[in-house]
Amino acid sequence: MSDAQAPARLWLVGAGNMGGAMLRRWVASGIASDRITVIDPGSPAVPEGVRVLAEAPDGDAPDILILAVKPQMIDAVAEAICSAEAAMLVSILAGVEVAALRSRFAARAIVRAMPNLSVAIGKGVVALHGDSEAPALRAAAEALMAPLGHVEWVEEALFDVVTALSGSGPGFTYRFIDALAKGGEALGLPTDQALRLARATVEGSAMLAAQADETPAILADRVASPGGSTREGLNVLDADAALVRLLTDTLAAATRRNAELAAAARS
Ligand SMILES: NC(=O)c1ccc[n+]([C@@H]2O[C@H](COP(=O)([O-])OP(=O)(O)OC[C@H]3O[C@@H](n4cnc5c(N)ncnc54)[C@H](OP(=O)(O)O)[C@@H]3O)[C@@H](O)[C@H]2O)c1
C-alpha cells in the first residue's frame, strides 16, 4: 500500500494470532508503524514504532478501528471503546454479524472481514461484507486488505460457510499435510523426511493449482498415469466420495459453530 492510500490513524483491538499476523503484514507492506495503535491488555509483541495501550484513550477516535478479539469479548470491547466514533470499523470476529456490530458501535461504516492465517505472508484470503455501498468506503476497505492477499466481497448469508472454508481452511490444510507425512511414516519413511516431503509437495501443488488454467480435478488426472499408482491412491479417496464427504462434514461442523457464535452475539 502506498503511504498516500494508508489510513491516517488505525487502531487494532487485539493483537493475538490473527490481529498480530495482519499487523506485521501491514507494517511490512508499508503502512507507517507510527500511525498504528494496538489496544491489547496482554502487551503483545509488535513491530517497532507501533504504540501499544492496555485501554483505548478516552475521547479519541481513529480513522479505522479493527476488532480482532475473540467473539465472546465483543461486549467488553464495546463498553471500553464506546466513545470512539471511527470512520470505519472492521471486525474479523467469526460469526458476529454487521447488525450485531451496528447495535454496539458508533462507527460511520461497518465492514465485516474474514481473513486467514496466510495473510502473514501476503497470501491470505480476506472475505468482506459491509453495511455501506459507498464506493469510497469499499475502496478504502479493499486498499487496507489488498496487502494481505486475495480479497472478495461476499453476501452476509454466506459468511459462516466462507469462514469455515477460507478462514479455517489453513487449519484443515495443515492437518492434511500432517496426515500425508504420517501416512509416509507409517509406510517406512523417517519422520523428519516424511514431513519435509509432505510440506514441499503441498507447497508446489498449491502453487501450481493457483497458476494453472485447469481445475484441480483435471490436474489430479494429469498426475494419474494410465495404469499407474496415483489412480490406485485416488480410488481410495474417491470411493463413495470419501474425501468430499469428509470435507463437507468438516465445513458443516465449522459453519454450525460460526452460526452459534452469531446467535450469541445477537442477544
Ligand atoms: N486465528 C485465525 O486463524 C482467525 C482467522 C479469522 C478470524 N479470526 C478471528 O480473530 C479473532 C481473534 O482470534 P485469534 O485466533 O487471533 O485469538 P487470540 O490469539 O486469542 O487473539 C485475541 C487477542 O485479543 C486480546 N484481548 C483479550 N481481551 C482483550 C480486550 N478486552 N481488549 C483488547 N484485546 C484483548 C488477547 O489477549 P490475551 O491473549 O492476553 O487474552 C489476544 O492478544 C477472533 O474473533 C476470531 O474469530 C481468527
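Structure first, text after, so check above.
Residue numbers restart at each chain and count upward from 1, following the sequence in its written direction. The predicted origin of the model limits local features to residues at a pLDDT of at least 70 and limits the giving and counting of side-chain atom pairs to 80 or more, whereas totals for whole chains, interfaces and linings rest on all residues. By convention in this description, side-chain values take in all heavy atoms of the structure and omit both hydrogens and water.

Asks: Quick question: what am I supposed to make of the overall build of the chain here?
Replies: Secondary structure assignment for the chain yields 10 helices and 8 strands. Along the longest, intermediate and shortest principal axes, the C-alpha atoms of the chain span 70 × 40 × 35 Å. Note on classification: 1.4 Å probe, protein chains only; a residue is buried when its accessible area is under 20% of the maximum for its type, exposed when over 50%, partly exposed between these limits. Taking all 267 residues of the chain together, the buried fraction comes to 39%. The long-range share in the chain, meaning contacts at least 24 apart out of those at least 6 apart in sequence, stands at 59%. Only four residue types enter the tally: Lys and Arg on the positive side, Asp and Glu on the negative side, with His and both chain ends excluded. Throughout, a charge is located at the NZ atom of Lys, the CZ atom of Arg, the CG atom of Asp or the CD atom of Glu. One finds the centroid of the 22 positive side-chain charges in the chain at a distance of 2 Å from the centroid of its 31 negative side-chain charges. Under the scheme used here, helices are H or I runs from DSSP no shorter than 4 residues and strands are E runs no shorter than 2 residues, and both carry numbers assigned from the N terminus. It only takes one pair of heavy atoms within 4.5 Å for two residues to be counted as in contact.

Asks: Quick question: what am I supposed to make of empty space enclosed by the protein here?
Replies: Over the atoms, a rolled probe matching the size of one water molecule traces out where space is still vacant. Put simply, the grid is 1 Å and covers the protein atoms alone, a cavity is a trapped set of points that fit a 1.4 Å probe, a pocket is an open set with protein on both sides within 12 Å along at least five of seven lines, and lining residues have an atom within 4 Å of a point. Grid points are joined across faces, edges and corners, and a volume is the space filled by probe spheres set on the points. Scanning the model with the defined rule gives 1 cavity of 30 Å³ or more in all. Estimated volume of the largest cavity: approximately 30 Å³. Lining of the largest cavity is provided by Ala109, Ile110, Val111, Gly130, Asp131, Ser132, Leu137, Arg138 and Trp153. The element that contributes the greatest number of residues to the lining of the largest cavity is strand β6 (residues 109-114), accounting for 3 residues. Ten residues, namely Ala, Val, Leu, Ile, Met, Phe, Trp, Tyr, Cys and Pro, are considered nonpolar, four, namely Asp, Glu, Lys and Arg, are considered charged, and the remaining ones, Gly among them, are considered polar. Along the lines of polarity and charge, the residues of the lining of the largest cavity split into 5 nonpolar, 2 polar and 2 charged.

Asks: When you look at the nonpolar core in this model, what are you seeing that I'm missing?
Replies: A general feature of soluble globular proteins is that nonpolar side chains tend to end up buried together. Residues enter a nonpolar core if they are buried and are Ala, Val, Leu, Ile, Met, Phe, Trp, Tyr or Cys, with the set joined through side-chain atoms within 4.5 Å. Counting 27 residues, the largest nonpolar core has Met22, Trp26, Ile66, Val90, Leu144 and Met145 as its most contacted members. Secondary-structure elements contributing two or more residues to this core are β1 (10-13), α1 (17-28), β2 (36-39), β4 (64-67), β5 (88-91), β6, β7 (124-130) and α4 (135-145). Looking at which element gives the most residues to this core, the answer is α1, with 5 residues. In this structure, Ile39, Ala56, Ile110 and Ala265 belong to the second largest nonpolar core, which totals 21 residues.

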